[in-house]
Amino acid sequence: QKEVEQDPGPLSVPEGAIVSLNCTYSNSAFQYFMWYRQYSRKGPELLMYTYSSGNKEDGRFTAQVDKSSKYISLFIRDSQPSDSATYLCAMSASDYKLSFGAGTTVTVRA
Amino acid sequence: NAGVMQNPRHLVRRRGQEARLRCSPMKGHSHVYWYRQLPEEGLKFMVYLQKENIIDESGMPKERFSAEFPKEGPSILRIQQVVRGDSAAYFCASSPLTDPSYNEQFFGPGTRLTVL
């Protein structure tokens with residue numbers, strides 16, 4: 001069993017739809033949770049960071065962490081074609097060693 | 001402020017050759033991390049370095065791989081006697097400091113290594 005599980009998709013939605021992404025994990029020591037966006041042939045870019053359980057909102061993006069279920073989610077409201085990318089969940093028990101999901105490829109159709 | 005820089009962006013090597021990947025962290029960052037991304041897999045932590053010190057190399061293969069971050073110059077990830085299984089994207093990240101609270105790792109564009 002992988003430490004972090006993420007459905008690779010691909011996920012295709014029309015412009016304006018809500019994109020829902022999620023990851024599950026097995027290591028109960030994880031306490032830092034992140035979502036990265038990666039465009040093709042580029043490095044990952046941090047979108048959202050959450051410490052421990054709870055929700056965090058930033059513009060069109062909402063991140064949720066449920067440590068009791070070992071489940072994290074990212075929602076993108078009013079999706080745009082420019083949101084088309086691969087989204088990676090990442091988490092850490094310490095402050096530096098990140099464990100990543102495999103990434104979900106999202107296409108937002110104009 | 002320039003971001004994390006990696007070179008070369010693409011590197012082709014034949015089996016048995018050496019590969020040297022370079023990473024220049026963001027200005028003011030003294031912590032460097034290397035990750036490897038295999039096709040269809042997530043990024044895997046390899047090593048964490050500070051200037052002149054290897055802090056954690058628990059993700060590095062025991063043989064053929066080494067990393068350094070000298071006092072002057074970029075961090076180097078070195079792979080000796082490459083094999084086809086080493087073909088992957090290698091990402092470097094940097095951060096300004098490490099303390100008990102999380103600090104963001106900024107990623108470079110990666111080096112894509114192809115072993116023929």
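Residues numbered from 1 in each chain as written. Chains lettered and ligands numbered in written order. Predicted model: local features only at pLDDT ≥ 70, side-chain atom pairs only at ≥ 80, totals over all residues. Heavy atoms only, no water.

Draft legend 1. Structural detail: the sheet that holds strand β3 (residues 19-24) of chain B. Residue and element names in this part refer to chain B. Ordered in space as β1-β3-β8-β7, the four strands form an open sheet in which the pairing is antiparallel. The sheet terminates laterally at β1 (5-7) and β7 (65-68), the two strands that pair on one side only. Pairwise comparison of adjacent strand axes, ignoring direction, gives a mean angle of 15° for this sheet. Bridge count for β3 against strand β8 (residues 75-79) is five bridges, and the pairing is antiparallel. Within the sheet, the bridge partner assigned to Ala-19 lies in β8 and is Ile-79. (Pairing = 2+ DSSP bridges. Helix = DSSP H or I, 4+ residues; strand = E, 2+ residues; numbered from the N terminus. Axes fitted to C-alpha atoms, helices over the stretch in contact; angles between N-to-C directions.)

Draft legend 2. Up close: the pairing of strand β5 (residues 43-50) of chain B. Residues and elements named next belong to chain B. Counting buried residues in β5 gives six out of eight residues, a clear majority hidden from the surface. Here strand β4 (residues 31-37) runs beside β5; their pairing, made up of seven bridges, is antiparallel. Following the sheet pairing, Val-32 is matched in β5 by Leu-49. Once β4 ends, the chain turns through five residues before running back antiparallel as β5, passing Glu-40 with a positive phi of about 65°. Pairing analysis gives three bridges linking β5 to strand β6 (residues 53-56), with the strands arranged antiparallel. By the bridge assignment for β6, Gln-50 is matched with Asn-53. (Buried < 20%, exposed > 50% of the residue type's maximum accessible area, 1.4 Å probe, protein only.)

Draft legend 3. The state of the cysteines, seen in detail. Inspection of the entire model under this criterion finds two disulfides over all chains. Cys23(A) shares a disulfide with Cys89(A); S-S distance 2.0 Å. The disulfide joining Cys23(A) to Cys89(A) has a torsion of about -100° about its S-S bond and is therefore left-handed. Highlighted residues: Cys23(A) in strand β3 (residues 19-25) and Cys89(A) in strand β9 (residues 85-92), separated in sequence by 66 residues. Each member of the pair Cys23(A) and Cys89(A) is classed as buried. Each disulfide pairs two cysteine sulfurs, and for Cys23(B) the partner residue is Cys92(B), the sulfurs being separated by 1.8 Å. One disulfide, between Cys23(B) and Cys92(B), carries an S-S torsion of -50° and so falls in the left-handed class. In this pair, Cys23(B) sits in strand β3 while Cys92(B) sits in strand β9 (residues 88-95), placing the two residues 69 residues apart along the sequence. (Disulfide = S-S within 2.5 Å.)

Draft legend 4. Main features of the environment of Arg77(A). All names here are of chain A. Within the element layout of this structure, Arg-77 appears in the loop between β8 (71-76) and β9. Relative accessible area serves as the criterion here: at 29%, Arg-77 is assigned to the partly exposed category. Expressed as a C-alpha distance, the spacing of Arg-77 and Gly-54, which sit 23 residues apart in the sequence, is 18 Å. Apart from the residues lying within four places of it in its own chain, the contact partners of Arg-77 are Ala-17, Ile-18, Glu-57, Gly-59, Arg-60, Phe-61 and Thr-62. (Contact = heavy atoms within 4.5 Å.)

Draft legend 5. Region of interest: the interface of chain B and chain A. In this assembly, 25 residues from chain B lie in contact with 18 residues from chain A. For the pair chain B and chain A, the two sides together bury roughly 1800 Å², of which 55% comes from carbon and sulfur. Between Lys97(A) and Asp56(B) there is a salt bridge, and its shortest N-O distance comes to 3.2 Å. Here chain B is connected to chain A by seven residue pairs in polar contact (both at pLDDT 80 or more). Contributions of two or more residues to the side of chain B that touches chain A are made by β4 and β5 of chain B. Tallied by class, residues from the side of chain B that touches chain A come to ten nonpolar, eight polar and seven charged. (Buried area = accessible area lost by both parts, 1.4 Å probe. Salt bridge = Lys/Arg side-chain N within 4 Å of Asp/Glu carboxyl O. Polar contact = N/O pair within 3.5 Å; in protein donor to acceptor, adjacent residues only side chain to side chain. Nonpolar A, V, L, I, M, F, W, Y, C, P; charged D, E, K, R; others polar.)

Draft legend 6. A look at the packing of aromatic side chains. A complete count under the given rule lists 13 aromatic pairs over all chains for this structure. Geometrically, the ring pair formed by Tyr36(A) and Phe107(B) is edge-to-face, given 5.5 Å between the ring centres and 85° between the ring planes. One end of the pair, Tyr36(A), is in strand β4 (residues 32-38); the other, Phe107(B), is in strand β10 (residues 106-107), on a second chain. Looking at Tyr36(A), the relative accessible area reads 0%, which means it is buried. (Phe/Tyr/Trp six-rings, centres within 6.5 Å; stacked < 30°, edge-to-face > 60°.)

Draft legend 7. View of the sheet that holds β8(A). All names here are of chain A. Ordered in space as β1-β3-β8-β7-β6, the five strands form an open sheet in which the pairing is antiparallel. Of all the strands in the sheet, the pair left with one neighbour each is β1 (4-6) and β6 (54-58). In this sheet, neighbouring strand axes are inclined to one another by 15° on average, regardless of whether the strands run parallel or antiparallel. As judged from the five bridges shared by β6 and strand β7 (residues 61-66), these two strands associate in the antiparallel manner. What sits directly across from Asp-58, in β7, is Phe-61.

Function cannot be read off these values alone, since they describe shape.
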